[in-house]
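Residue-level structure breakdown
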Amino acid sequence: MKGFVFVAPVRGFCSGVERAIKLVEEALQNGPFPVRVLHEIVHNEHVVESFRSRGVVFSEELDPSWSGGTLIFSAHGVSREIEETARKMNVHLLDATCPIVKGVHRRAAELEGEGCSLILIGKRSHREIEGVIGRLKKTPYIVETPEDLCRLPVSPEGRWACLTQTTLSADDCAGLFKALEQRIPGIRIGSGICGATAARQKAVRELAALCTTIVVIGSPGSSNSRKLRDVAESCGRRALLISCADELNPADLPAGNIGVTSGASAPEYLLRETVEKLCSAGWIERSPEDFSGRRPD
């Protein structure tokens, strides 16, 4: 035996992803056709390719000339301009934007309406951040790293507020929140990190107490999946981010316990295939609950 395999009890699809995928499934069953999705419905190539093979058309840009069929917004949300344009088109429109992201949209607009200068913590190029920016009249300040804080006004005046991308690490944001409060006394901090993201990160920390290696199933383009890997590494564990079992070579892994989890947009079957591959190579799957409070030998 090479060790135990522990699967995170909290993993995989979140409710927002489940809702988005359900909307596409229903459109494929009921039409009207063709079914088009603006951007990737979720950040997972296996999910996208599965839908594409069944006739779903994915597009990176909105084409106002589209007529007929179904148009679905991805789970990451869109700008107000894109939404207003789409609602004028001759299509059956479905909005798969995650409700948590919708909440960030509303809160950002409210804070701007109250006269706040807004700071968004997140990736500039992420669809979610682009969607939030597109809901505001004034471009907010984007903070990805502590170095970005230096680009804020030297003597910030007036009312300030901060929101975050929903898929970030709570630990990373805590440091940025503290730095912002020192830089801008009185700033209103409102974390947008969703509960599902935080729960999956917490589960990785618990796996790290039992394992020397953590394997995360998820797309490299998935922010929440990358953060799960980062959380494992912050616990001092070797961490791998793979999109599927084909990318894993058990011979490259040292003997010892392995934790396996999956990002919020990764299908469960991808995780099970990975666990089965590890078990075929000499690991034995056990439940983390079997070793509650103690590290297995």
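First, a word on scope: everything that follows refers to the structure included in this document. (Residues numbered from 1 in each chain as written. Predicted model: local features only at pLDDT ≥ 70, side-chain atom pairs only at ≥ 80, totals over all residues. Heavy atoms only, no water.)

**Here we look at the overall build of the protein chain**
Secondary structure summary: the protein chain contains nine helices and 13 strands in total. What you see for the protein chain is a C-alpha radius of gyration of 21 Å, in line with the 19 Å of a compact globule of 297 residues. Once the C-alpha set of the protein chain is aligned to its principal axes, its extents read approximately 60 × 55 × 25 Å. The burial tally for the protein chain puts 51% of its 297 residues in the buried class. Long-range pairs, those at least 24 residues apart, make up 73% of the contacts in the protein chain with a sequence separation of at least 6. In the protein chain, 37 side chains carry a positive charge and 38 a negative one; their mean positions are 4 Å apart. (Helix = DSSP H or I, 4+ residues; strand = E, 2+ residues; numbered from the N terminus. Rg over C-alpha atoms; globule rule 2.2 N^0.38 Å. Buried < 20%, exposed > 50% of the residue type's maximum accessible area, 1.4 Å probe, protein only. Contact = heavy atoms within 4.5 Å. Lys, Arg positive; Asp, Glu negative; His and termini not counted. Charge placed at Lys NZ, Arg CZ, Asp CG, Glu CD.)

**Considerations on the side chain of E83**
As for its placement among the helices and strands, E83 is situated in helix α3 (residues 80–87). Residue E83 is classed as buried on the basis of its relative accessible area of 12%. Apart from residues lying up to four places away in sequence, E83 is in contact with F73, V78, K102 and R135.

**Focus on the nonpolar core**
One finds V24, I41, F51, V56 and I72 to be the most contacted residues of the largest nonpolar core, which totals 22 residues. Elements with a minimum of two residues in this core: α1 (15–30), β2 (35–38) and α2 (45–53). Counting residues in each nonpolar core, the second largest holds 16 residues, with V204, L207, A232 and A239 among its members. (Core = buried A, V, L, I, M, F, W, Y, C linked by side-chain atoms within 4.5 Å.)

**Focus: the environment of S287**
Structurally, S287 is set in the segment after β13 (283–286). On the accessibility criterion, S287 (29% relative accessible area) is partly exposed. Once the C-alpha coordinates of S287 and P9 are considered, the two residues, 278 residues apart in sequence, prove to be 8.6 Å apart.

**Overview of the sheet that holds strand β11 (residues 238–242)**
Strand order in the open sheet formed by five strands is β11-β10-β12-β1-β13, with parallel pairing between adjacent strands. The sheet is open, and its two edges are formed by β11 and β13, each paired on a single side. Within the sheet, the average angular offset between the axes of one strand and its neighbour, ignoring direction, is 25 degrees. The pairing of strand β1 (residues 3–7) with β13 spans four bridges and is parallel. (Pairing = 2+ DSSP bridges. Axes fitted to C-alpha atoms, helices over the stretch in contact; angles between N-to-C directions.)

**Regarding the environment of F13**
Secondary-structure assignment places F13 in the loop between β1 and α1. Ignoring anything within four residues of it in the chain, the contact list for F13 reads E18, I21, V47, R200, G263, A264, S265, A266 and P267.

**Quick word on the pairing of β2**
On β2, burial covers both faces: V35 and V37 on one face and R36 and L38 on the other are all buried. In this sheet, strand β4 (residues 67–73) lies alongside β2 in parallel orientation, the contact comprising four bridges. Within the sheet, the bridge partner assigned to V37 lies in β4 and is I72. Judged from the three bridges that link them, β2 and strand β3 (residues 57–59) form a sheet pairing that is parallel. Note that in β3 the partner of V37 across the bridge is F58. Note that the unit made of β2, α2 and β3 has a crossover that is right-handed. (Right-handed = clockwise from strand over helix to strand, strands pointing away.)

Distances and angles like these do not, on their own, reveal function.
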